[in-house]
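So you can see what is in the structure, the chains are spelled out below.
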Amino acid sequence: GASVIAASEQNKSMKKMQKTAKVIHDLRSRALKKRRESAIKQTLDKRDLAVLNTVNAASKAKGQIKVAMAGAGLSTGSGGGLALLEDVNQQSYMNQYIIGEGVKNTLAGIQSGYEASSIEAVASYQQQYNAAQAQMQNTFLQGFAGGLSGLGSGLQIGSGFKELG
């Protein structure tokens, strides 16, 4: 009857809502992955530049030390000159280590944010999917209920004729 058709149309509409929710979820997931990949690339590019700057600064400082020492007639192969060069190397290594630790922390933050956003996306999809599922109707039960309703009406009409007759 009419209730079965209405239930069937309702179910089609809810299935369409579920498919739309899935498409949106997939698009959101891809966008989150691209955003994570972009943030990781930017972080690694910044790291590379910072390390390069640190290495260049150390090379420049060592060159200045060598020039100054040579100008003073001193050697950088031993003693105080060598100690100065080693100090520059140690500072460069320390700076690179600090850069590396900062990158690890940034990458962990990027991953954590990605995971949190992914969980929210899945929860949103599930909520939309379940809301549509809850509105779906069992067409068999709708048909059965319609049949019982018709039977009840028929019995009432039949008893009305019985009273008249």
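Residues numbered from 1 in each chain as written. Predicted model: local features only at pLDDT ≥ 70, side-chain atom pairs only at ≥ 80, totals over all residues. Heavy atoms only, no water.

Caption draft 1: Spotlight on the overall build of the protein chain. Regarding its fold elements, the protein chain presents three helices and zero strands. Here the protein chain holds 165 residues, and 16% of them are scored as buried. In the form shown here, the protein chain has an accessible surface area of approximately 11600 Å², with 60% of it arising from carbon and sulfur atoms. (Helix = DSSP H or I, 4+ residues; strand = E, 2+ residues; numbered from the N terminus. Buried < 20%, exposed > 50% of the residue type's maximum accessible area, 1.4 Å probe, protein only. Areas by Shrake-Rupley, 256 points an atom, 1.4 Å probe, with all protein chains shown as cover.)

Caption draft 2: Geometry of a nonpolar patch on the surface. A contiguous nonpolar surface patch, about 330 Å² in accessible area, is contributed by Met94, Tyr97 and Ile98. Mapping Met94 onto the fold places it in helix α2 (residues 79–135). You can call Met94 partly exposed: its relative accessible area is 44%. (Patch = residues over 30% accessible without salt bridge, like charges linked within 9 Å, V, L, I, M, F, W, Y side chains within 5 Å. Salt bridge = Lys/Arg side-chain N within 4 Å of Asp/Glu carboxyl O.)

Caption draft 3: How the structure looks around the packing of aromatic side chains. Using the criterion set out here, one finds one aromatic pair in the structure. When the centroid spacing of 6.0 Å and the interplanar angle of 50 degrees are considered together, the rings of Tyr125 and Tyr129 count as tilted. Taken as a pair, Tyr125 and Tyr129 lie in helix α2 at a separation of four residues, close to a single helical turn. The partly exposed category is assigned to Tyr129, whose relative accessible area is 28%. When the ring centre of Tyr114 is taken as reference, the NZ or CZ atom of Arg36 above it lies at 4.1 Å. (Phe/Tyr/Trp six-rings, centres within 6.5 Å; stacked < 30°, edge-to-face > 60°. Lys NZ or Arg CZ within 6 Å of the ring centre and 35° of its normal.)

Caption draft 4: Molecular detail of α2. Spanning 57 residues, α2 covers 84 Å between terminal C-alpha atoms, matching the ideal 84 Å at 1.5 Å per step. Buried residues of α2: Gly81, Leu85, Val88, Asn89, Ser92, Ile99, Val103, Ile110, Tyr114, Ala121, Tyr125 and Ala132, and no others. (Expected span 1.5 Å × (residues − 1).)

Caption draft 5: Examining the confidence of the model for the protein chain more closely. Counting all residues, the mean pLDDT for the protein chain is 86, and 81% of those residues have values of 70 or more. Looking across the protein chain, the model is least confident in helix α3 (residues 139–164), with a mean pLDDT of 54, and most confident in α2, with 94. (pLDDT = per-residue confidence, 0-100.)

Caption draft 6: Expanded view of the nonpolar core. Ranked by size, the top nonpolar core spans five residues in total: Ala58, Ile65, Met69, Leu85 and Val88. Every element with two or more residues in this core is listed here: α1 (2–71) and α2. The element that contributes the greatest number of residues to this core is α1, accounting for three residues. (Core = buried A, V, L, I, M, F, W, Y, C linked by side-chain atoms within 4.5 Å.)

Caption draft 7: Inspection of the environment of Gln91 at higher detail. By the element assignment, Gln91 lies in helix α2. For Gln91, a relative accessible area of 44% translates into the label partly exposed. In this structure, the C-alpha to C-alpha distance between Gln91 and Ala58, residues 33 residues apart in sequence, is 8.1 Å.

Caption draft 8: Molecular detail of the pattern of salt bridges. In this structure the tally under the stated criterion is five salt bridges. Between Arg47 and Asp48 there is a salt bridge, with the nearest N and O atoms lying 2.8 Å from each other. Among the residues examined, Arg47 registers a relative accessible area of 30% and is labelled partly exposed. By relative accessible area, which is 39% here, Asp48 ends up partly exposed.

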